Amino acid sequence: MSAILAASDLAAVKGNLGSVAYGLAAVGPGIGVGVIFGQGVQAIARQPELTNTIRQNMLLGFALTEALALIGFVVPFVHR
């Protein structure tokens, strides 16, 4: 086996690293969504009279967190 990589091998590694990087970047929003909905359900259980307000805030937080995941998905394509 040769220790020297050809140009096509380097391109393949670069593409694979982008996939791995996005996978790692998706962990943060995944944790964020879990925390948002977990805490939201707990808040609704504690104060059911505020269900509509809590649900509205949960959905807003979810949308902002998912926007981070989408930005992480688009950035590697922009910076090629």
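Right, let's walk through the structure included here. (Residues numbered from 1 in each chain as written. Predicted model: local features only at pLDDT ≥ 70, side-chain atom pairs only at ≥ 80, totals over all residues. Heavy atoms only, no water.)

## A closer look at the overall build of the chain
What the chain contains, in helices and strands, is three helices and zero strands. Counting from the amino terminus, helix and strand elements in the chain follow one another as α-α-α. Considering the chain as a whole, with its 80 residues, one finds that 12% of them fall into the buried category. Total accessible area on the chain stands at roughly 6300 Å², and carbon and sulfur atoms take up 70% of it. (Helix = DSSP H or I, 4+ residues; strand = E, 2+ residues; numbered from the N terminus. Buried < 20%, exposed > 50% of the residue type's maximum accessible area, 1.4 Å probe, protein only. Areas by Shrake-Rupley, 256 points an atom, 1.4 Å probe, with all protein chains shown as cover.)

## Quick look at the packing of helix H2 (residues 27-46) against helix H3 (residues 51-78)
Where H2 contacts H3, the axes come no closer than 9 Å and their chain directions differ by 180°. Viewed along their axes, H2 and H3 adopt a mutual orientation that is roughly antiparallel. Contacts from Pro29, Gly32, Val33, Ile36, Phe37, Gly40, Val41, Ala43 and Ile44 in H2 reach Thr51, Ile54, Met58, Gly61, Phe62, Thr65, Glu66, Leu68 and Ala69 in H3. (Axes fitted to C-alpha atoms, helices over the stretch in contact; angles between N-to-C directions. Parallel < 35°, antiparallel > 145°, perpendicular 65-115°, else oblique. Contact = heavy atoms within 4.5 Å.)

## Regarding the environment of Arg55
Looking at the secondary structure, you find Arg55 in helix H3. It is 9.6 Å that separates the C-alpha atoms of Arg55 and Ala43, two residues lying 12 residues apart in sequence.

## Here we look at H2
With 20 residues, H2 ought to run about 28 Å at 1.5 Å a step, and its terminal C-alpha atoms sit 29 Å apart, in line with that. Taken together, the buried positions of H2 are occupied by Pro29, Gly32, Val33 and Gly40. All buried residues of H2 fall inside an arc of 100° around its axis, so they share one side. Those residues of H2 that are exposed and angled more than 90 degrees off the buried face are Ile31, Val41, Ala45 and Arg46. (Expected span 1.5 Å × (residues − 1). Arc of directions from axis to C-beta.)

## Points about the environment of Gly30
Tracing the backbone shows Gly30 in helix H2. Counting along the chain gives 39 residues from Gly30 to Ala69, while the straight-line C-alpha distance between them is 8.5 Å.

## Concerning a nonpolar patch on the surface
Among the surface-exposed residues, Phe73, Val74, Phe77 and Val78 lie close enough to one another that they form a single nonpolar patch of about 400 Å² accessible area. The partly exposed category is assigned to Val74, whose relative accessible area is 44%. (Patch = residues over 30% accessible without salt bridge, like charges linked within 9 Å, V, L, I, M, F, W, Y side chains within 5 Å. Salt bridge = Lys/Arg side-chain N within 4 Å of Asp/Glu carboxyl O.)

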